[in-house]
Amino acid sequence: MKNTIFAAGILAVFTLVSCEKEKASNLFTDAEKQQQAEAVVDPATAAVLTFESETYDFGNLPTGAKVDHYFKFTNTGKSPLIIKDAKGSCGCTVPEFPKTPIAPGVTDSIKITYDAGTQAGRQQKTVTLTTNTVKGKEVVTFMATLPNNAENANVVNSLSGN
């Protein structure tokens, strides 16, 4: 009986050792491995995107207003800041961002253009930035209040000179 249990144990160990398990890293190409390695951000040396303010309120705007705001920021980290992409929460929000790396200590800005169109009431929109910071995503928010009754609204956008 002891010999049978001993033999079964040796057989089980042999089976486990002899089966070559596929490594997860073998499932990726060298280019994919490099991309994953670059995505890892060391918090001690990472870029840090610090906004003067992460929110802005345009206040009351007329119907059809098209306005701009610059979100000013500084790279307070130890590595160059790279903004890879910026996306508005809707088609009425168009962000423009620096395409070149921002060195540590340097201040720059992200321009957002908001086209209110025929929206009405209190609006809150966001712009999401894809960056090389520890969080990887940074968000700024803006608000505006538009007339609820478009017929009585001032369609002429005095802010843009139209």
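Below is a short write-up of the structure. As the structure is a prediction and not an experimental result, all values here were calculated from the model.

Scoring rules and cut-offs
- Residues numbered from 1 in each chain as written.
- Predicted model: local features only at pLDDT ≥ 70, side-chain atom pairs only at ≥ 80, totals over all residues.
- Heavy atoms only, no water.
- Buried < 20%, exposed > 50% of the residue type's maximum accessible area, 1.4 Å probe, protein only.
- Helix = DSSP H or I, 4+ residues; strand = E, 2+ residues; numbered from the N terminus.
- Pairing = 2+ DSSP bridges.
- Core = buried A, V, L, I, M, F, W, Y, C linked by side-chain atoms within 4.5 Å.
- Contact = heavy atoms within 4.5 Å.

**Some details on the pairing of strand E5 (residues 93-96)**
Burial along E5 is one-sided: Thr 93 and Pro 95 are buried, and none of Val 94 and Glu 96, which face the opposite way, are. With four bridges joining them, E5 and strand E6 (residues 107-115) adopt antiparallel strand pairing. Its bridge partner lying in E6, Val 94 is registered against Thr 113.

**Some words on the nonpolar core**
Counting residues in each nonpolar core, the largest one holds 25 residues, and the members touching the most others are Phe 51, Phe 58, Leu 61, Phe 73, Ile 83, Tyr 114 and Leu 129. Secondary-structure elements contributing two or more residues to this core are strand E1 (49-51), strand E3 (66-75), strand E4 (83-88), E6, strand E7 (121-131) and strand E8 (137-146). The dominant element in this core, judged by the number of residues it contributes, is E8, at four residues. Those residues in contact with Phe 51, other than ones at most four positions away along the chain, are Phe 71, Lys 72, Phe 73, Ile 110, Leu 129 and Val 140.

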